Amino acid sequence: QVQLVESGGGLVQAGGSLRLSCTTEGSIYSVNAMRWYRQAPGKGRELVAGLDSTGLTDYGDDVKGRFAISGDTAKYRAYLQMNSLKPEDTADYYCHVDFHNNYDGTIFGVWGQGTQVTVSS
């Protein structure tokens with residue numbers, strides 16, 4: 001059973017920085033993409049940043065220029081560097097990984113348990 005392990009959340013003042021990490025345990029599958037989503041209280045889950053197996057990245061409009069995703073999908077690692085944090089970035093942040101089962105060709109997704117980020121004004 002594949003599990004994702006997230007870390008790096010916490011409380012920070014506006015303008016500060018945090019770095020989130022996402023790794024996997026127990027995987028024998030290859031990775032198509034690793035993404036970070038967030039969900040603020042009372043709001044839906046939104047894409048923050050994504051990294052695919054070719055190294056291509058994409059970002060949500062609200063975080064462009066402030067957040068950077070990096071990592072190595074072949075090593076099951078993704079990081080989210082968050083700079084110039086704003087109170088509106090306060091949310092639970094979730095890692096999501098699209099795995100590719102090389103044996104039967106199926107693709108399935110796994111969510112992490114989430115890590116809380118709180119930005120004080």
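Presented here is an overview of the structure given in this document. The model shown is predicted, which means the values in this text are computed figures rather than measured ones.

1. Topic: the environment of Pro87
Its place among the elements puts Pro87 in the loop between β8 (77-82) and β9 (91-100). Residues Pro87 and Ala14 lie 73 residues apart in sequence; the distance between their C-alpha atoms is 6.2 Å. In contact with Pro87, other than residues within four places in its own chain, are Ala14, Val119 and Ser121.

2. Overview of unusual backbone geometry
Even without being glycine, Tyr76 reaches a positive phi, approximately 55 degrees. In this fold, Tyr76 is placed in the loop between β7 (67-72) and β8. A positive phi is found at Ser84, a non-glycine position, where the angle reads about 50 degrees. Tracing the sequence through the fold places Ser84 in the loop between β8 and β9.

3. A closer look at the state of the cysteines
Scanning the entire structure with this criterion turns up one disulfide. Two residues share a disulfide in this structure: Cys22 and Cys95, whose sulfurs sit 2.0 Å from each other. The sign of the -80 degrees torsion about the S-S bond sets the Cys22-Cys95 disulfide as left-handed. Separated by 73 residues along the polypeptide, Cys22 in strand β3 (residues 18-25) and Cys95 in strand β9 bring together distant segments of the chain. Owing to a relative accessible area of 0%, Cys22 belongs among the buried residues under this scheme.

Reading guide: rules and limits
- Residues numbered from 1 in each chain as written.
- Predicted model: local features only at pLDDT ≥ 70, side-chain atom pairs only at ≥ 80, totals over all residues.
- Heavy atoms only, no water.
- Helix = DSSP H or I, 4+ residues; strand = E, 2+ residues; numbered from the N terminus.
- Contact = heavy atoms within 4.5 Å.
- Disulfide = S-S within 2.5 Å.
- Buried < 20%, exposed > 50% of the residue type's maximum accessible area, 1.4 Å probe, protein only.

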